[in-house]
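The chain contents come next:
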Amino acid sequence: MELPNRVVMAPLTRRRATDDGVPTESMARHYADRAGTGLIVAEGTYPSRRGQTYLNQPGIADAAQAAGWRRVTDAVHERGGRIVLQVMHGGRVVHLPDGAARDIVAPSAIPVPGTLRLPDGERPFYVPRALRTDEMPAVVEEFVAAARRAIDAGFDGVEVHGANGYLLNQFLSPTTNQRTDAYGGSPANRARLVVEVTRAVADAVGADRTGLRISPAGVRNSLDERHVPDVRDTYGALVAGLTGIGLAYLSVLSPDPAGELVQGLRRQFDGALLLNDGFDLVTTRTAAAGFLADGLADAVVVGRPVLANPDLVRRWREDLPLNEPDPATFYGGDDRGYNDYPLADAAAGVG
Ligand SMILES: Cc1cc2nc3c(=O)[nH]c(=O)nc-3n(C[C@H](O)[C@H](O)[C@H](O)COP(=O)(O)O)c2cc1C
């Protein structure tokens, strides 16, 4: 895939699908308005009912959801854009009122610590069920079926979500993975499922249409990957397992993009590396340009600035002022804070 610029729209969960996880016209407009980014990575989308994490999160688990996504991909392509779908299985991270009635799965039966805030109050996070070894092929198949549906719905590719404490990341970390079978224990064993899923998706839809997102040394959703030698070995095993298959890209989320962990993975990986420097600071034009100028990455992944500026590429190119993202409208709601951020010309009163 050739991109017209090096700004990639980050996957951003916005919780604006229908109650059944079907993408809407409003979502089609949102993504089409951002078709000027080099590549759009559409928000984390569940491959199966049990992979769902949030209310009004979109899915790619059935035909109705796929048909909704078709509207989105058509709208983006009409505007000349490129769009891939992030396939996200939440594993133990479930923010749903009916979680107790669901089959919540994880590497081990260890819940997210603390409490879950729901519309009707707080409760402890649900205790997940540890997947049996003989269930692993079915987990791989959940991703493969979702990837096939995504391509059939018009996506240019698929990004496997291996970051931010969701199911695949739960396998990577020893805090959430205490298995004693081939999927737990050593770094290579903990990396096994991510490698199997990514390879199977690449086999199904083409390696050149498959990317993977990781967040080495991440702490989101109560994961703890702060033990540096183990993190290096685990992600080293992961990248080793993906060498030679010709993936479209590896997308890395890390607050220390210039550090040895990330740049070591970059040297080891044999494809394009996309970079995002994490949640703590909103990506800036200066930081993004710096990553590229310093040769740290092939493209930058940009979240909140694209959320608030549909025409971010133009604004950054011409160094125009930016709209500020409004966190109050990030998750759920109507078109406010979603489809009403003005373009630069409109903001200046010109157009
Ligand atoms: C509202 C919101 C939703 C997000 N949803 C996702 C998601 O679905 N998948 C994912 O991998 N990261 C998600 N992230 C992380 C972003 O992709 C990105 O890494 C983060 O916002 C930092 O980049 P930024 O400073 O450019 O915003 C989300 C972040 C925000 C603010």
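Residues numbered from 1 in each chain as written. Predicted model: local features only at pLDDT ≥ 70, side-chain atom pairs only at ≥ 80, totals over all residues. Heavy atoms only, no water.

### Some remarks on helix α5 (residues 187-205)
Counting along an α-helix, one turn takes 3.6 residues, and residues three or four places apart therefore face a common direction. Quick reminder of the rule: Going along the chain from the N terminus, every DSSP run of H or I of four or more residues is numbered as a helix, and every run of E of two or more is numbered as a strand. What a helix is expected to span follows from its residue count: subtract one and scale by 1.5 Å. Bend angle per residue: angle between axes fitted to the 7 residues ending at that residue and the 7 residues starting there. Throughout this description, buried means an accessible area under 20% of the type-specific maximum (1.4 Å probe, protein chains only), exposed means over 50%, and partly exposed covers the range between. It only takes one pair of heavy atoms within 4.5 Å for two residues to be counted as in contact.
Its 19 residues give α5 an end-to-end C-alpha distance of 27 Å, which sits within 8% of 27 Å, the value for a rise of 1.5 Å per residue. Taken as a whole, α5 carries its principal kink of about 35 degrees at L193. N189, R190, A191, L193, V194, V195, V197, T198, A200, V201, A202 and V205 are the residues of α5 that are buried. Packed against the buried residues of α5 are α3 (136-152), β8 (157-162), α4 (167-172), β9 (210-214) and α6 (228-242). Within two residues after α5, G206 carries a phi angle of roughly 105 degrees, on the positive side.

### Observations regarding the packing of α6 against helix α7 (residues 260-268)
So the rule is basically this: An axis is simply a line fitted to the C-alpha atoms; with a helix, the fit covers only the stretch in contact. Between two such axes, the angle follows the N-to-C directions and lies from 0 to 180 degrees. Working rule for angles: under 35 degrees goes down as roughly parallel, over 145 as roughly antiparallel, 65 to 115 as roughly perpendicular, anything else as oblique. Working rule for handedness: look at the near helix, and if it is turned counterclockwise from the far one by less than a right angle, call the crossing left-handed; if clockwise, right-handed. In this count, Pro and Cys sit with the nonpolar residues alongside Ala, Val, Leu, Ile, Met, Phe, Trp and Tyr, while Asp, Glu, Lys and Arg are called charged and the others, Gly among them, polar.
At their nearest, the axes of α6 and α7 sit 10 Å apart, and the two run at 20 degrees to each other. Judged by the inter-axis angle, α6 sits roughly parallel to α7. The two elements α6 and α7 cross, and the hand of that crossing is right-handed. Two secondary-structure elements touch here, α6 through V231, R232, Y235, G236, V239 and A240 and α7 through L261, L265 and Q268. Looking at the contact of α6 with α7 residue by residue, the classes come out as 6 nonpolar, 2 polar and 1 charged.

### Considering the nonpolar core
For clarity, the threshold we go by: By convention a nonpolar core is built from buried Ala, Val, Leu, Ile, Met, Phe, Trp, Tyr and Cys residues, the set being connected through side-chain atoms within 4.5 Å.
Ranked by internal contacts, the top residues of the largest apolar core, which has 80 residues, are Y31, W69, L193, V201 and L238. With near-sequence residues (within four places) excluded, Y31 lies in contact with M9, L12, I40, A42, E43, W69, V72, V76 and I83. The next biggest cluster of nonpolar side chains, apart from the first, holds 12 residues, and it includes M88, V94, L118 and Y126.

### Quick notes on the UniProt feature "domain: NADH:flavin oxidoreductase/NADH oxidase N-terminal" (unreviewed entry) in the protein chain
Test applied: UniProt positions are given in the numbering used here, feature names are shortened, and annotations may be inferred rather than shown by experiment.
Per the UniProt record, the feature "domain: NADH:flavin oxidoreductase/NADH oxidase N-terminal" (unreviewed entry) sits at residues 1-323. Between the C-alpha atoms that bound residues 1-323 the distance is 30 Å, and the span itself is 34% helix and 16% strand.

### Side note on the environment of V7
Along the chain, V7 falls in strand β1 (residues 7-9). A relative accessible area of 11% means that V7 is categorised as buried. Taking the C-alpha atoms as reference points, V7 and F171, separated by 164 residues in sequence, lie 30 Å from one another.

### What to know about the site of the ligand
What counts here: By convention in these notes, a residue is near a molecule or strand provided one of its non-hydrogen atoms lies within 4 Å of it. Polar contact is the term for a pair of N or O atoms within 3.5 Å; when the atoms are in protein, one must be able to donate a hydrogen and the other to accept it, and sequence-neighboring residues count only if both atoms are side-chain atoms. For the accessible areas, the method is Shrake-Rupley and the probe is 1.4 Å, while residue cover comes only from the protein chains on display.
Around the ligand there are 22 residues in total, and T13, Q86, R213, T283 and G303 lie nearest to it. Within the backbone of P11, a nitrogen or oxygen atom sits 2.9 Å from an oxygen atom of the ligand. N276 is positioned with one of its side-chain polar atoms (N or O) 3.0 Å from an oxygen atom of the ligand. Surface burial for the ligand is 96%, taken as the share of its 600 Å² of free accessible area covered by protein chains. Of the residues belonging to the shell around the ligand, the class tally is 11 nonpolar, 9 polar and 2 charged.

### Some points on α6
With 15 residues, α6 should cover 21 Å at 1.5 Å per step; its first-to-last C-alpha distance of 21 Å lies within 8% of that length. Those residues of α6 that fall on the buried side of the exposure criterion are D230, V231, T234, Y235, G236, L238, V239, G241 and L242. In this fold, the buried residues of α6 make contact with α4, α5, β9, β10 (249-253) and α7. Immediately downstream of α6, the backbone of G244 shows phi near 90 degrees, a positive value.

### Regarding unusual backbone geometry
Notably, N164 is not glycine yet its phi reads approximately 60 degrees, a positive angle. Phi at D319 is positive, roughly 55 degrees, even though this residue is not glycine. Locating D319 in the fold gives a position in the loop between α10 (312-318) and α11 (344-347). You can call D319 exposed: its relative accessible area is 51%.

### Some remarks on the side chain of R213
Short version of the rule: When charges are tallied, Lys and Arg are placed among the positive residues and Asp and Glu among the negative ones, while His and the ends of the chain are skipped. Any carboxyl oxygen of Asp or Glu that lies within 4 Å of a side-chain nitrogen of Lys or Arg is treated as forming a salt bridge with it.
Position of R213 relative to the elements: it lies in strand β9. Buried charged residue R213 carries no salt bridge. Nearest counter-charge: E159, at 4.4 Å. What R213 contacts, discounting residues up to four positions off in sequence, is P11, Q86, E159, V160, H161, G162, A163, N164, S251, L253, N276 and V301.

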